[in-house]
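Tertiary structure, described
The primary structure of each chain is shown beneath.
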Amino acid sequence: MTESFPRLHARTRRFTLGVPRNFTISPDGGRVTFLRTRSGTDPVTCLWELDVASGAERLVVDPLALGAADEDLPPEERARRERSRESAGGVVAYATDREVRQAAFALSGDLYLADLASGEARRLPAAGPVIDPRLDPTGTRVAYVTGGALHVLEIATGADTALAEPDGDLVTYGLAEFIAAEEMERMRGYWWSPSGDRLLVSRVDESPVTLWHIADPANPDRRPVPQRYPAAGTANAEVTLHVIGLDGARTAVPFEHEYLVTAAWDAHGLAIVTLSRDQRTMRLLAADPDTGETTLLREDTDPAWVDIVTGVPARLSDGTLVWVADADGGHRLVVGDEPVTPPSLQVRAVLDVDGDTVLFQASGEPAEIHLWTYSAGTISAVTTEPGVHSGRRAGGVTLVVRQSLDTEGTTVSVGAVSIKSLAERPGLEPRVSLVRAGSRELSTAVLLPSWHVPGSGPLPVLMDPYGGPHAQRVLSARRMFLESQWWAEQGFAVIVADGRGTPGRGPAFEREMLHDFTISLQDQVDALQGVVALHPGDLDLSRVAIRGWSFGGYLAALAVLRRPDVFHAAVAGAPVTDWRLYDTCYTERYLGHPDEGHYERSSLLGDAEKDTEKGDTEKLERPLLLIHGLADDNVVAAHTLRLSSALLAAGRPHTVLPLSGVTHMTPQEVVAENLLLLQLDFLKKSLNITG
């Protein structure tokens, strides 16, 4: 019997299992190390190596062979995986030495070292459950964090030294704090020197951060889990930096700003990037590891916010700085002091610098992401076929990862050689039309049932957005629309629209969301009206639903509360209902400090009250399903519970589906499958859809 799409979608972790990822190219370009599960339904990730010349793949590390089938993860590692949205198990991360001869990784809290040439993996002694192990560039030592302390282990002798131990109950060394991992894409808290003789280490003190508790109402015998959560307008963790020698000698590296964005330590020196609390000023500082003294290399400012871009700072072989900055209306690659890309090409990330060649991602059209190189004053397109591309480069070899609308799944190529994807086939083919819809020409995807004949009759409409800033749903990749096509096959005309604030169209478009999240609702209405004009007779505007998760959940609830004239039912998953309860870095970037007065306009709690003086009774007739994981430590369940209480106090009917033990990711197979089916049932009943 063939599995249903909801079941397969859940089992395959949204068809991500079996897809190769986390690539490392050896300096000579001859080998590629990567992660991949053994099949599209196997959640245990293995470490593999590709020989580029022959195209032969070799299994290096199988966690099952090491007896690590049942993972027993320390709490810090579970938190890291939640922040990185890691839904698989096994070897989910690894770090190599400079020559890519060895790889260090953690399994079930144990420390392992793999010899990539022989394929031998051995367990190394560690002082406790291991977090984020990293080899030094020379491959003679491995550093790791346990119990909030940073340790260094000599591989040859097994000698283990605690270089930095917590000097307070809420102090850790070498780990990224919540804000860095959740909002700045910094998952690490220490960096080796090029010679491996010392490390730059972050010290995090969470004592100023407000203490919250994540309770488990389904198990009242369990104590609530304490969590330090930096809500908007409250204190962040205090982060300081120290250069620590292998002998324990310590040199402070002071900086003024609230946020440590990243650090880089290469042959050209030590550099750190910092960001002010209001996020309008970013500084790149060179640091002297001997004295801790810093020198300002560049400062970027913006009246709204300065974007964090992954992959920078970087250096060419002669030390020339590689950076990304806004100039003349575009996100531009900067080499030295000069922008080298046109403003019309929106640079998204720097992926690698190989000698004097820079590999970067950029978009001319927002739905497309391509690979480009900069070398000797010239930029060149690496990819030209439509799609979404990523990649790596080293030793003169470029690895290309591609997803597109015309091919199924993910393809990975290194020259003429391919790395196999073992992902399951979804059993349906998205019928996607990418259009520019509405007065703002918003990037929009339209999906109709495979059996629908245009003009044969109107279909109920499902808006299926994320809609929030710095994230996209409308991309030229099939995997983005598999779930949307399943909804279409249930009888809906599905519309996915990226409104203002989403990337790919330049800084001005992104910054229109400043101080007002509700413009995302205006854009969904605009996109809907634009699609109606493009598909006359195919959309039933008397039956329009909207669904979403996280910011998309906020947007879905906002839609039925503020525009009941347009939207007739909503499913809001893990919605942010009161932005004062969300974290500092994300919320303050867009809405400023709560004292500035921009939060009420974007809050849902005020909308819960019915306005009887205006005859506002129609709002009470719009079904709303609120779904929330009670173990969610990102958008905590208080968001949904407070909105539900306000709706109840106003006598407004709604439905709440609490998910016991479920986090923001909803990785559990049964939960993920049934969530789709329950949402479908709710929307069909709400819109009076039969058959």
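Coordinates for the structure precede this section.
The structure displayed is predicted, hence computed values, not measured ones.

**Observations concerning the overall build of the chain**
Helix and strand counts for the chain come out as 10 helices and 44 strands. What you see for the chain is a C-alpha radius of gyration of 25 Å, in line with the 26 Å of a compact globule of 691 residues. Dimensions of the chain along its principal axes, counting C-alpha atoms only, are 75 × 55 × 55 Å. The buried share of the chain, reckoned over its 691 residues, is 58%. Pairs at least 24 apart in sequence give 59% of the contacts found in the chain among residues at least 6 apart. When the accessible surface of the chain is totalled, it reaches about 26,600 Å², and 49% of it is carbon and sulfur. Separation of charge centres in the chain, based on 64 positive and 94 negative side chains, amounts to 4 Å.

**Here's the deal with the nonpolar core**
Membership of the largest hydrophobic core comes to 87 residues, with the highest contact counts inside it found for W323, L333, F360, F517, F567 and W579. Looking at this core, the element that brings in the most residues is helix α7 (residues 551-562), giving 9 residues. If near-sequence neighbours (up to four positions away) are discounted, W323 is found in contact with V273, M282, L284, R298, D300, V312, P313, R332, L333 and V334. Core analysis: the second largest hydrophobic core is formed by 31 residues, V474, V494, A569 and L676 among them.

**Quick look at the packing of helix α4 (residues 482-489) against helix α10 (residues 669-686)**
The N-to-C vectors of α4 and α10 enclose an angle of 40 degrees; their axes lie 12 Å apart at closest approach. Classified by the angle their axes make, α4 and α10 are oblique. Seen along the crossing, α4 lies across α10 with a hand that is right-handed. Only L676, L677, Q679, L680 and L683 of α10 make contact with α4, whose side of the interface consists of E483, W486 and W487. Classifying every residue of the contact of α4 with α10 gives 6 nonpolar, 1 polar and 1 charged.

**Points about the side chain of R141**
As for its position among the elements, R141 is in strand β11 (residues 141-146). Only 3.4 Å separates the side chain of R141 from the side chain of T140, close enough to count as a polar contact. A polar side-chain atom of R141 sits 3.2 Å from the main-chain carbonyl oxygen of G196.

**Brief notes about the packing of aromatic side chains**
Under the definition given, this model contains 23 aromatic pairs. When the centroid spacing of 5.4 Å and the interplanar angle of 85 degrees are considered together, the rings of Y582 and Y586 count as edge-to-face. The residues Y582 and Y586 share a single accessibility class, namely buried. Relative to Y590, the ring of Y586 lies with its centre 5.1 Å away and its plane at 70 degrees, an arrangement referred to as edge-to-face. Of the two residues, Y586 and Y590 both sit in helix α8 (residues 584-591), 4 residues apart, roughly one turn of that helix. Assessed through its relative accessible area of 0%, Y590 is described here as buried. Connected via pairs of aromatic rings, a cluster forms that spans W305, Y466, F517, F551, Y554, W579, Y582, Y586 and Y590. Sitting above the plane of the W48 ring, R36 keeps its charged end 4.3 Å from the centroid. Sitting over the face of the ring of F509, R505 holds its NZ or CZ atom 4.3 Å from the ring centroid.

**Thoughts on helix α9 (residues 638-649)**
The end-to-end C-alpha distance of α9, which contains 12 residues, comes to 16 Å, matching closely the 16 Å that a straight helix rising 1.5 Å per residue would cover. Along α9, the residues classified as buried are H639, T640, L643, S644 and L647. Across the axial projection of α9, the buried residues extend over an arc of 125 degrees, all falling on one side. In α9, the exposed positions angled more than 90 degrees off the buried face are occupied by L648 and A649. Contact partners of the buried residues in α9: α7, β43 (624-629) and β44 (655-659). Looking one or two places after α9, you find G651, whose phi comes out positive at around 70 degrees.

Cut-offs used in this document
- Residues numbered from 1 in each chain as written.
- Predicted model: local features only at pLDDT ≥ 70, side-chain atom pairs only at ≥ 80, totals over all residues.
- Heavy atoms only, no water.
- Helix = DSSP H or I, 4+ residues; strand = E, 2+ residues; numbered from the N terminus.
- Rg over C-alpha atoms; globule rule 2.2 N^0.38 Å.
- Buried < 20%, exposed > 50% of the residue type's maximum accessible area, 1.4 Å probe, protein only.
- Contact = heavy atoms within 4.5 Å.
- Areas by Shrake-Rupley, 256 points an atom, 1.4 Å probe, with all protein chains shown as cover.
- Lys, Arg positive; Asp, Glu negative; His and termini not counted.
- Charge placed at Lys NZ, Arg CZ, Asp CG, Glu CD.
- Core = buried A, V, L, I, M, F, W, Y, C linked by side-chain atoms within 4.5 Å.
- Axes fitted to C-alpha atoms, helices over the stretch in contact; angles between N-to-C directions.
- Parallel < 35°, antiparallel > 145°, perpendicular 65-115°, else oblique.
- Left-handed = near helix turned anticlockwise from the far one by under 90°.
- Nonpolar A, V, L, I, M, F, W, Y, C, P; charged D, E, K, R; others polar.
- Polar contact = N/O pair within 3.5 Å; in protein donor to acceptor, adjacent residues only side chain to side chain.
- Phe/Tyr/Trp six-rings, centres within 6.5 Å; stacked < 30°, edge-to-face > 60°.
- Lys NZ or Arg CZ within 6 Å of the ring centre and 35° of its normal.
- Expected span 1.5 Å × (residues − 1).
- Arc of directions from axis to C-beta.

Don't take any of this as a statement about function, it's just geometry.
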